[in-house]
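Each chain, letter by letter, is given below.
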Protein chains: 2
Amino acid sequence: MQGRPKGRKSPLQGSSASHSISGEKERLRLFIKKAGLKSTRQRDIIATEFLKTIGHITAEDLYKKVNRKHKEIGFTTVYRTMKLLSKCGLASERVFADNLTRYEPARGEEHHDHLICIGCGEITEFENPKIERLQGEVAKEFGFNTISHKMELYGYCRRCVENA
Amino acid sequence: MQGRPKGRKSPLQGSSASHSISGEKERLRLFIKKAGLKSTRQRDIIATEFLKTIGHITAEDLYKKVNRKHKEIGFTTVYRTMKLLSKCGLASERVFADNLTRYEPARGEEHHDHLICIGCGEITEFENPKIERLQGEVAKEFGFNTISHKMELYGYCRRCVENA
DNA sequence: ATAATTTTGAAAATGAATTTCATTTCCTTG
DNA sequence: CAAGGAAATGAAATTCATTTTCAAAATTAT
C-alpha cells in the first residue's frame, strides 16, 4: 500500500558531533570483508552520517539527512545498512513507546537505560549499577537467566517541567 | 492490504481461572453509563472472557477464545472492547519486544515489572520496591518528572534453563 | 576485462493496528 | 410499548512502519 514511511512523529534526535569515526569505519570494513560482503559507496556514506549522530535516530530520519546530499541513495539502502551496522555491533536498535525503531551509535559503553520525555521527545541515557545489581537479584530469585533487559522512564524532562 | 491479523507469534498466555469478576463488571457498567455509552451483549461476553484471563493476552488471541463460543462476535469488537477496558482501568496495555499489544487484567495492584522468557514466551510479573526507589532517585537527579516506566528482563525462565 | 556475486532502489508486500460505513442494537422519552 | 436518536457492530478497507522482491548496477576476485 505504500513504499516507505511518509514521515510522521519522531520529534527530536541528536545531531552531528565531532568524534573519531575512522576506527569504527575500519571495524565495519573488516566485518564486511569477513562476511563476504562488499564495501560500497552508499554504505560508507550512510555509516559516516550515522556515526556522526548523537543520540537516537530512526532509519527514516537518517535517510532524510543522507538524502539531502545524496539524492540517489534510497531509503531501503539506509534501512539495510542500519541492520548491517547493528549486526556488526556499531549500532544498537531501540524501540520506545512510540513503536518506532531507533538506532544509536554503540560505542562500547556499558549497558545503559533511558529517560524519555513525553513533552519534547528528548531521550537521555543513564547508568545505575545499583539497579543492575537488584535486577540480577530478582532474576536469581526466579531462576531466570537474563540475556538482556530494558528499562525506560517516561515523563517530563527538566526543561519541559520548567516551561510548563 | 489485510483486514486483521491472520495469526502468528504469541506463544503462551495464561488461561482462565476462578476469580470474582462481578465487581469488575459492575465497574465497567458504571464507566459505560457515565460516559454515555451503551452496555451490549458483546461487551459483556468479551469482558467476562477477558477478566477470567490470567496473564497477558493479545486482542487476536482473546478474539479466538471468544469466537469459539460466539461466532458472531468479530475481531473489531474485541479490539475496541479492550481499548474500552483499558480506558476504564480494568486492563493494562503492554507491548514487549515482539511488538504485539497485550492486555492484562488490572486488579488494582501495585505497579509491577516483567520477566519475559525468550524460550517459551512465559511472562512473569515481579515487584521490587528497592528498584522503584532507585528509579525515583535517578529521576530526581535529572530533574525528571516520571509519569510511567517500564522494566523488562529478557532471558530464559527456570523451566527453559533446566530443559536446555 | 570478465565472470560471479552482492548491492541497490523502486515498488510491492506484509502484518498489526485502526478507521470507515452501512446496518443493527440499545436506550430513552413520549 | 412504540419511535426515534445515538451508539455499537462487523466486514472490509486503510494506515503505516517494516521487510521483501526483482531487475539493473556495482563490486571483487580472477
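Small disclaimer: the values here were computed from a predicted structure and weren't measured.

## So, unusual backbone geometry
Residue and element names in this part refer to chain A.
- Positive phi, close to 65°, is recorded for Asn99, a residue that is not glycine.
- Among the secondary structure elements, Asn99 is positioned in the loop between β2 (91-95) and β3 (101-105).
- Note on Asn99: relative accessible area 37%, which makes it partly exposed.

## Looking at the sheet that holds strand β5 (residues 123-126) of chain A
- Taken in spatial order, the six strands of this open sheet run β5(A)-β4(A)-β6(A)-β6(B)-β4(B)-β5(B), and their pairing is mixed. If you trace the sheet from one side to the other, it starts and ends with β5 of chain A together with β5 (123-126) of chain B, each paired once. Within this sheet the neighbouring strands show an average axis-to-axis angle of 20°, counted without direction.
- Of the strand pairs in this sheet, strand β6 (residues 145-156) of chain A and strand β6 (residues 145-156) of chain B are connected by 11 bridges, and their pairing is antiparallel. Bridge pairing in β6(B) places Asn145(A) opposite Tyr156(B).
- Packing of helix α5 (residues 129-141) of chain A onto the sheet brings it into contact with β4 (113-117) and β6 of chain A together with β5 and β6 of chain B, and relative to β6(A) it is tilted by some 130°.
- Across the sheet, helix α5 (residues 129-141) of chain B is in contact with β5 and β6 of chain A together with β4 (113-117) and β6 of chain B; its angle to β6(B) comes to roughly 130°.

## Structural notes on the interface of chain B and chain A
- Across the contact, 36 residues belong to chain B and 36 residues belong to chain A.
- Interface of chain B and chain A: buried area, both sides summed, is about 3,100 Å²; carbon and sulfur atoms make up 68% of it.
- For the interface between chain B and chain A, the tally reads zero salt bridges.
- Where chain B packs against chain A, one counts 14 residue pairs in polar contact (both at pLDDT 80 or more).
- Where the side of chain B that touches chain A is concerned, the elements lending two or more residues are β4, β5, α5, β6 and α6 (158-162) of chain B.
- It is β6(B) that contributes the most residues to the side of chain B that touches chain A, 12 residues altogether.
- By residue class, the composition of the side of chain B that touches chain A is 20 nonpolar, 10 polar and six charged.

Each value, and the rule that gives it
Residues numbered from 1 in each chain as written. Chains lettered and ligands numbered in written order. Predicted model: local features only at pLDDT ≥ 70, side-chain atom pairs only at ≥ 80, totals over all residues. Heavy atoms only, no water. Helix = DSSP H or I, 4+ residues; strand = E, 2+ residues; numbered from the N terminus. Buried < 20%, exposed > 50% of the residue type's maximum accessible area, 1.4 Å probe, protein only. Pairing = 2+ DSSP bridges. Axes fitted to C-alpha atoms, helices over the stretch in contact; angles between N-to-C directions. Contact = heavy atoms within 4.5 Å. Buried area = accessible area lost by both parts, 1.4 Å probe. Salt bridge = Lys/Arg side-chain N within 4 Å of Asp/Glu carboxyl O. Polar contact = N/O pair within 3.5 Å; in protein donor to acceptor, adjacent residues only side chain to side chain. Nonpolar A, V, L, I, M, F, W, Y, C, P; charged D, E, K, R; others polar.

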